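Chain residues, written in single-letter form:
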Amino acid sequence: MNDEQLQALVERLSMQFFEKPFKHTAIFNSRLRTTGGRYLLVSHNIQINRKYYEEFGENELIGIIKHELCHYHLHLEGKGYQHRDKDFRHLLKKVDAPRFCTPLSKVAKPDSKIVYVYACERCNTLYRRKKKVNLNKYVCGKCRGELKLLKKLSDF
Ligand SMILES: [Zn+2]
Ligand SMILES: [Zn+2]
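All of these numbers come straight from a predicted model, not from anything done at the bench.

### What about the coordination of the zinc ion (ligand 1)?
1) Next: Distances from the zinc ion (ligand 1) to its protein donors, H67 (NE2), H71 (NE2) and H83 (NE2), fall at 2.1 Å.
2) Next: Each donor residue of the zinc ion (ligand 1) lies on one chain, and together they are spaced H-x3-H-x11-H. With H71 in helix α3 (residues 58-76) and H83 in the loop between α3 and α4 (86-94), the pair connects residues that are 12 residues apart, well separated along the chain.

### A few points about α3
1) Next: Here α3 spans 26 Å end to end across 19 residues, near enough to the 27 Å set by a 1.5 Å rise per residue.
2) Next: Counting buried positions along α3 yields 15 of 19 residues, so the element is predominantly enclosed.
3) Next: After α3 finishes, the residue G78 shows a positive phi value of roughly 70°.

### Quick notes on the coordination of the zinc ion (ligand 2)
1) Next: Taken together, C120 (SG), C123 (SG), C140 (SG) and C143 (SG) make up the protein donors of the zinc ion (ligand 2), found 2.3 to 2.4 Å from the metal.
2) Next: Each of the 4 donor atoms around the zinc ion (ligand 2) contributes to a set of angles spanning 101 to 117°, which defines the coordination as tetrahedral.
3) Next: All donor residues of the zinc ion (ligand 2) come from one chain, and their arrangement in sequence is C-x2-C-x16-C-x2-C. Residue C123 is located in the loop between β4 (114-120) and β5 (126-129), and its partner C140 is located in the loop between β5 and β6 (147-154); the two are separated by 17 residues in the primary sequence.

### A short note on the packing of aromatic side chains
1) Next: Taken as a whole and judged by the stated rule, the model has 3 aromatic pairs.
2) Next: Measuring from centroid to centroid gives 4.7 Å for F22 and Y72, while their planes differ by 55°, and the two rings are tilted. Of this pair, F22 sits in the loop between α1 (3-18) and β1 (26-28) while Y72 sits in helix α3, and the two are 50 residues apart along the sequence.
3) Next: Judged by its relative accessible area of 5%, F22 falls in the buried class.
4) Next: A ring pair is formed by Y52 and F56, whose centres lie 6.0 Å apart and whose planes are at 45°; its orientation type is tilted.

### Section: the environment of L61
1) Next: On the secondary structure map, L61 appears in helix α3.
2) Next: Classification of L61 by relative accessible area gives buried; the value is 1%.
3) Next: Along the backbone, L61 and L9 are 52 residues apart, and their C-alpha atoms lie at a distance of 9.9 Å.
4) Next: Those residues in contact with L61, other than ones at most four positions away along the chain, are M1, L6, L9, F28, I48 and Y53.

### Details of the nonpolar core
1) Next: In terms of nonpolar packing, the biggest core is built from 25 residues, with L6, I46, I48, I65 and L69 touching the most fellow members.
2) Next: Broken down by secondary-structure element, the contributors of at least two residues to this core are α1, β1, β3 (46-48), α3 and α4.
3) Next: Contacts of L69, omitting those with residues within four sequence positions, involve V10, L13, S14, F18, F22 and I46.
4) Next: Listed in part, the 6 residues of the second largest apolar core include Y116, Y118, Y127 and L147.

### Details of the confidence of the model for the protein chain
1) Next: Model confidence for the protein chain is summarised by a mean pLDDT of 87, while 88% of its residues fall at 70 or above.
2) Next: The secondary structure element of the protein chain with the lowest average pLDDT is helix α5 (residues 105-108), at 44, and the one with the highest is α1, at 98.
3) Next: Confidence drops under a pLDDT of 50 for residues 106-112, and excluding neighbours within four residues, the segment shows 5 contacts in the predicted structure.

Reading the values: rules and limits
Residues numbered from 1 in each chain as written. Chains lettered and ligands numbered in written order. Predicted model: local features only at pLDDT ≥ 70, side-chain atom pairs only at ≥ 80, totals over all residues. Heavy atoms only, no water. Donors = N, O, S within 2.8 Å, 3.2 Å for Na, K, Ca; no water. Helix = DSSP H or I, 4+ residues; strand = E, 2+ residues; numbered from the N terminus. Expected span 1.5 Å × (residues − 1). Buried < 20%, exposed > 50% of the residue type's maximum accessible area, 1.4 Å probe, protein only. Tetrahedral: all angles 85-135°; square planar, octahedral: opposite > 155°, others 65-115°. Phe/Tyr/Trp six-rings, centres within 6.5 Å; stacked < 30°, edge-to-face > 60°. Contact = heavy atoms within 4.5 Å. Core = buried A, V, L, I, M, F, W, Y, C linked by side-chain atoms within 4.5 Å. pLDDT = per-residue confidence, 0-100.

This is the structure we're talking about:
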């Protein structure tokens, strides 16, 4: 799905569920990390995290768009558009939009599956660690030689 298709989908969902047009811009933003989407108060644009679509599919994407459209329409109408506002919670329920997005495992914890490989500079023993090691504190368990970071592996 590209930005034009996303724009068309947002416009269609806006008419279908809110019976009001979406007159601004919707784009994918790959820099969003732990959130599925974002509504920008100044430009009125909607940004969507493409990774949610790739990982969870179109239903999740539609849920995110409906959630962001709740912010959008309420804000433009001068109503309570924030998560804690009654207007917002009512509208979420009315259009059956999720209150929160499904957490993205990979994106939420980017370091969880990374493995660091260290090597002893003296005896070449390899060590795999899930976290970065403080090289000022830790030395080789066999010969007490200095360790150096050999590489950072990603397990997925
Ligand atoms: Zn929100
Ligand atoms: Zn060693």
